[in-house]
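Per-entry structural report
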Amino acid sequence: MGTARIDALFERDRACQGAGITLDEVTGGRAVARMKVTEEMSNAHGIGHGGYVFLLADAAFSYACNSYGPVALAQGAQVTFLAPAQIGDELVAEATERIRSGRQGVYDVTVRTTTGTVVAEFRGQSVLVAGVPHSA
């Protein structure tokens, strides 16, 4: 997947562990994460709850902006849901850095099914946090 530091971060990421999210790839400014939509993730309409789709996108965003070393946190994020995630779908989120300038970063994440249907587009803004170690 990546460096020992990213592996250690992921081991401590209880939200990802609980949702069954896995990391396929983490490189400078880029990350790919995946998750299978389970019955427990369904909403009242019988489709995947948007909160889980957001969680997957946010996880890919987090690992992309933390791929360089300094601690980066989300400063803001927004999502546009484009198609419903169905129970049983495997979703893949690909995060790509658009720009880093000073302490700020902007990242786009596309969430797709493994058959290529785009489920959501996510944009996250990151900020580097001085003095916060990764092990905290």
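So, here is what we can say about the structure in this document. (Residues numbered from 1 in each chain as written. Predicted model: local features only at pLDDT ≥ 70, side-chain atom pairs only at ≥ 80, totals over all residues. Heavy atoms only, no water.)

Quick notes on the sheet that holds strand 6 (residues 118–128)
So the rule is basically this: Note: two strands are recorded as paired if DSSP finds a minimum of 2 bridges between them. Strands here are runs of E lasting at least two residues and helices are runs of H or I lasting at least four, both read from the DSSP assignment and numbered beginning at the N terminus. Axis lines are fitted through C-alpha atoms, for helices just across the contact stretch, and the angle between N-to-C directions can take any value from 0 to 180 degrees. In what follows, a contact means two residues having at least one pair of non-hydrogen atoms within 4.5 Å.
Spatial strand order, 1-2-4-5-6-3: 6 strands in an open sheet with antiparallel pairing. With partners counted over all chains shown, the strands left at the sheet margins are strand 1 (22–27) and strand 3 (72–81), one partner each. Geometrically, the sheet is characterised by an average inter-axis angle of 20° between neighbouring strands, direction not taken into account. Pairing geometry for strand 2 (residues 30–36) and strand 4 (residues 90–101), over 7 bridges, is antiparallel. Within strand 4, the position partnered with Met35 by the bridge is Leu91. Relative to the sheet, helix 3 (residues 50–65) contacts strand 1, strand 2, strand 3, strand 4, strand 5 (104–113) and strand 6, its axis offset from that of strand 6 by approximately 45°.

Points about the environment of Pro84
Just so we agree on the cut-off: Buried residues are those whose accessible area, probed at 1.4 Å on protein chains only, stays under 20% of the maximum for their type, while exposed residues exceed 50% and partly exposed ones sit between those limits.
Relative to the helices and strands, Pro84 resides in the loop between strand 3 and strand 4. Here Pro84 falls in the partly exposed class, since its relative accessible area comes to 46%. Spatially, the C-alpha atoms of Pro84 and Gly48 are 6.8 Å apart, while their sequence positions differ by 36 residues. Non-local contacts of Pro84, meaning those with residues more than four positions away in its chain, are made with Ile47 and Asp89.

Here we look at the packing of aromatic side chains
How we decide: The pairing test for Phe, Tyr and Trp rings, Trp by its six-membered ring, is centres within 6.5 Å, and the orientation test on the planes gives stacked under 30 degrees, edge-to-face over 60, and tilted for anything in between.
Under the defined criterion, the tally for this structure stands at 4 aromatic pairs. Taken together through their ring pairs, the aromatic side chains of Phe54, Phe61, Tyr107 and Phe122 make up a single cluster.

Points about the pattern of salt bridges
Selection criterion: Any carboxyl oxygen of Asp or Glu within 4 Å of a side-chain nitrogen of Lys or Arg constitutes a salt bridge here.
Per the counting criterion, the structure on display carries 7 salt bridges. Its salt-bridge partner being Arg30, residue Glu25 comes within 2.5 Å of it at the nearest N-O pair. A residue is classified by how much of its surface remains accessible, and Arg30, at 22% relative accessible area, is partly exposed. With a closest N to O distance of 2.8 Å, Glu94 and Arg30 form a salt bridge. Taken as a pair, Glu94 in strand 4 and Arg30 in strand 2 lie far apart in primary sequence, 64 residues in all. In this structure Glu94 comes out as partly exposed when scored by relative accessible area, which is 29%. What you see here is one network of salt bridges that share partners, running through Asp24, Arg34 and Glu90.

By themselves, these figures tell us nothing about what the structure is for.
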